[in-house]
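Tertiary structure, described
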Amino acid sequence: MAANAFDCIVVGGGPGGYVAAIRASQLGLRVAIAEREHLGGICLNWGCIPTKALLRTAEVHHLLRNAASFGLSASDVRVDLAKVVERSRRIAGRLEKGVRHLMKKNAVAVFEGSGRLAGPGRVVVRAGTGDEVELSAPHVILAAGARARSLPGIEPDGQRIWTYREAMVPESLPASLLVIGAGAIGIEFASFYRDLGSEVTVVEALPRILPAEDEEISAAARRCFEKQGIEIHTGAALRSLEVRGDAVHAVVEREAGAVLERDLDRAILAVGITGNVEALGLEGTAVRVERGHVVVTQWLETGEPGVYAIGDLVGPPWLAHKASHEGVLCAERIAGVAGLHPLDASQIPGCTYCRPQVASIGLTERAARDAGREVRVGKFPLSANGKALALGETEGFVKTVFDAGTGELLGAHLFGAEVTELIQGFAVARTLEATEAELMRTIFPHPTLSEAMHEAVLAAFGRALNA
Ligand SMILES: Cc1cc2nc3c(=O)[nH]c(=O)nc-3n(C[C@H](O)[C@H](O)[C@H](O)COP(=O)(O)OP(=O)(O)OC[C@H]3O[C@@H](n4cnc5c(N)ncnc54)[C@H](O)[C@@H]3O)c2cc1C
């Protein structure tokens, strides 16, 4: 076999690509991966992990400011922003090194540079120096990810108008901040900056924040953020955003035609993402691109024989665990593993790491009813959970949605402290196609926040014990 001939080439080393490479290697394939920036992709370097490091600082800051409620006193609590950012970057750097080690351990050949299709079974990788190397393989997995989308007429300048990248490495804390877009990324930054002391305004075009979440969760989260001092405008369209000297001038049209005009220190554009489809050599191939994303079948095949695509490149939900799951599935399909199941989007949990957190899986109550299901809904407040009281984190609730006829758990929606750690219980339940009967007889440890999950199941059938 020639030195640059492989069984599988992966273009892009994010959580989709590097996981696909490891799984393919585990299955005995000879694998190469091309990465143009950092192994670990957006997730480890500019997404999931560095934001969670920042949000942890915000959480500790919040606890310190509320030390008195725990019988402690902490005075002179100050934010050293350079150190906050340095901690976040250090954690990201450590993980990047970890992925590099995993590539070595799994005998995946790493090629640093930008990869593009160069004919059937061929990929050319161009390094920063301009040097090119040609690789060949019968299977190519495109895992090039995505980048921040902007709005027509609004270009982030990286100084006053940020994308998530600049928002993650601020040099100073903005006194006032406009967050455009109230999806998970926008809300996480709103929460971080508010907890550190910025005046935060959120503008969302849709009628509610966290629009993918259950309506009751969105409403509760909104009330809570407003109580924290975040100003929120939904059903509001950004008309213009201009840098004026040292400030950003925003014009926002609100419901009923009212106009909000304001000068702010900084703005963050968090209005979604678009696939990195441009530099992949797709021209002249049968790979189809729609609305900025590569179109794939349920087995992640593109229209071009032997070319697959996964992760953010193929569209929402833009989540690292979805990308990784697709990476595993794609590698197993290529290796001919038997008994595979296509990804079921209703099994993908979604988490937002604001304070308090939001987590969900499956159908919202409205989606279940709209789908014609007769539902039983259970709710349990964290204010009635002993562990939540002990933690001083009583805001929030757990909501379950069951099919009234079969007892199938259709969806679960959580708002409160650490719920991003709890949702996995419901994810396992859905994978195992659990009904209310199994969930009810599961023994939950006491005292834990997870007991609120049990109670929300019991509540759907009129059997809650502690409310
Ligand atoms: C601020 C922020 C916070 C987030 N928080 C979360 C979270 O908490 N949980 C969650 O699940 N998701 C989160 N996400 C989303 C998550 O980061 C993505 O869903 C995930 O990274 C997608 O993985 P991927 O492998 O498809 O693409 P990416 O992680 O984007 O990786 C693609 C890689 O391909 C490389 N590449 C692109 N083109 C080429 C080319 N031609 N040749 C070689 N290399 C190329 C890029 O450099 C990149 O490293 C967050 C995203 C952002 C922006």
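Everything discussed here concerns the structure shown above.
On a predicted model such as this, the values are computed, not experimentally measured, just so you know. (Residues numbered from 1 in each chain as written. Predicted model: local features only at pLDDT ≥ 70, side-chain atom pairs only at ≥ 80, totals over all residues. Heavy atoms only, no water.)

**Re helix α7 (residues 215-227)**
Taking 1.5 Å per residue as the helical rise, α7 with its 13 residues ought to reach 18 Å, and the 18 Å between its terminal C-alpha atoms agrees with that figure. Inspection of α7 places Ile217, Ser218, Ala220, Ala221, Cys224 and Phe225 among the buried residues, and these make up the whole buried set. Projected onto a plane normal to the axis of α7, the buried residues spread over an arc of 170° and lie on a single side. Pointing more than 90 degrees away from the buried face of α7 are the exposed residues Arg223 and Lys227. Taken together, the buried residues of α7 touch α6 (184-196), β12 (231-233), β22 (357-362), β24 (396-403) and β25 (409-416). Capping the start of α7 is the job of one residue whose side-chain oxygen sits 3.0 Å from the backbone nitrogen of Glu216: Asp214. Gly229 lies just past α7 and shows a positive phi near 100°. (Helix = DSSP H or I, 4+ residues; strand = E, 2+ residues; numbered from the N terminus. Expected span 1.5 Å × (residues − 1). Buried < 20%, exposed > 50% of the residue type's maximum accessible area, 1.4 Å probe, protein only. Arc of directions from axis to C-beta. Contact = heavy atoms within 4.5 Å. Polar contact = N/O pair within 3.5 Å; in protein donor to acceptor, adjacent residues only side chain to side chain.)

**Points about the sheet that holds strand β6 (residues 132-136)**
Taken together, 3 strands build an open sheet; the order of strands is β4-β5-β6 and the sheet is antiparallel. In the strand order of this sheet, the two ends are held by β4 (114-117) and β6, each with one partner. Strand after strand, the sheet turns through a mean of 25° between neighbouring axes, direction not considered. Two elements, strand β5 (residues 122-126) and β6, share 5 bridges in a ladder whose sense is antiparallel. In the strand pairing of β6, Val125 is matched with Val133. (Pairing = 2+ DSSP bridges. Axes fitted to C-alpha atoms, helices over the stretch in contact; angles between N-to-C directions.)

**Considering a nonpolar patch on the surface**
A contiguous nonpolar patch, built from Leu63, Phe70 and Leu72 and spanning about 270 Å² of accessible area, is present on the exposed surface. Residue placement: Leu72 occurs in the loop between α3 (48-65) and α4 (81-105). (Patch = residues over 30% accessible without salt bridge, like charges linked within 9 Å, V, L, I, M, F, W, Y side chains within 5 Å. Areas by Shrake-Rupley, 256 points an atom, 1.4 Å probe, with all protein chains shown as cover. Salt bridge = Lys/Arg side-chain N within 4 Å of Asp/Glu carboxyl O.)

**Digging into the pattern of salt bridges**
A side chain with one charge can pair with a side chain of the opposite charge if their charged atoms come near. Summed over all chains, the structure comprises 34 salt bridges. Of the charged contacts, one joins Arg288 and Glu290 as a salt bridge, the two residues approaching to 2.5 Å between their closest N and O atoms. Under the relative-accessibility criterion, Glu290 is labelled partly exposed at 44%. Look at the salt bridges and you will find they share partners, linking Asp214, Glu216, Glu365, Arg369, Lys379 and Lys399 into a network.

**Some details on the packing of aromatic side chains**
Applying the stated criterion across every chain yields a total of 4 aromatic pairs. Between Phe6 and Phe111, the ring centres sit 6.1 Å apart and the planes meet at 85°, which makes this aromatic pair edge-to-face. With Phe6 in the segment before β1 (8-11) and Phe111 in strand β3 (residues 109-112), this pair connects stretches of sequence that are 105 residues apart. Judged on exposure class, the residue Phe6 and its partner Phe111 are both buried. Summarising the aromatic geometry, the rings of Trp162 and Tyr193 are spaced 5.9 Å apart at their centres and angled 40° between planes, so their arrangement reads as tilted. Remark: Tyr193 occurs in helix α6 and Trp162 occurs in strand β9 (residues 161-162); sequence separation between them is 31 residues. Overall, the relative accessible area of 3% leaves Trp162 in the buried class. Of the residues examined, Tyr193 reaches a relative accessible area of 0% and is grouped as buried. Put simply, the rings of Trp162, Phe192 and Tyr193 touch in pairs and so form one group of aromatic residues. Across from the ring centre of Phe6, 4.8 Å away, lies the NZ or CZ of Arg30, which sits over that ring. The ring of Trp299 has Arg333 sitting right over it, with the charged end atom 4.2 Å from the ring centre. (Phe/Tyr/Trp six-rings, centres within 6.5 Å; stacked < 30°, edge-to-face > 60°. Lys NZ or Arg CZ within 6 Å of the ring centre and 35° of its normal.)

**A few points about unusual backbone geometry**
The peptide bond linking Pro316 to Pro317 adopts the cis configuration, its omega dihedral lying at -5°. Among the secondary structure elements, Pro317 is positioned in the loop between β20 (307-309) and α8 (320-335). In this chain, His446 is followed by Pro447 through a cis amide linkage whose omega measures -10°. Positive phi values are uncommon outside glycine, yet Leu300 reaches one of about 70°. A positive phi angle is found at Glu433, which is not glycine, with a value near 55°.

**Some remarks on the side chain of Ser360**
On the secondary structure map, Ser360 appears in strand β22. For Ser360, a relative accessible area of 10% translates into the label buried. Within the structure, Ser360 has its side chain in polar contact with the side chain of Glu213 (distance 2.7 Å). Those residues in contact with Ser360 that lie beyond four places of it in its chain are Glu213, Ile348, Pro349, Gly350, Ala412, His413 and Ile423.

**Thoughts on the sheet that holds β24**
Strand order in the open sheet formed by 5 strands is β21-β22-β25-β24-β23, and the pairing between neighbours is antiparallel. Looking at strand neighbours, the two that pair on one side only are β21 (350-352) and β23 (375-381), the edges of this open sheet. Here the strands of the sheet are splayed against their neighbours by 10° on average, with no regard to which way each runs. Sheet topology note: the β22/β25 ladder contains 6 bridges and is antiparallel. In the strand pairing of β25, Ser360 is matched with His413. Contacts from helix α11 (residues 419-431) reach β21, β22, β24 and β25 within the one sheet, and its direction differs from that of β22 by about 10°.

**A word on the state of the cysteines**
Taken as a whole and judged by the stated rule, the model has 0 disulfides. Note on Cys8: no disulfide assigned, nearest cysteine sulfur contributed by Cys330 at a separation of 7.1 Å. Cys354 supplies the cysteine sulfur nearest to Cys224, a cysteine that is in no disulfide, at a spacing of 8.5 Å. Since its relative accessible area comes to 4%, Cys224 is described here as buried. (Disulfide = S-S within 2.5 Å.)

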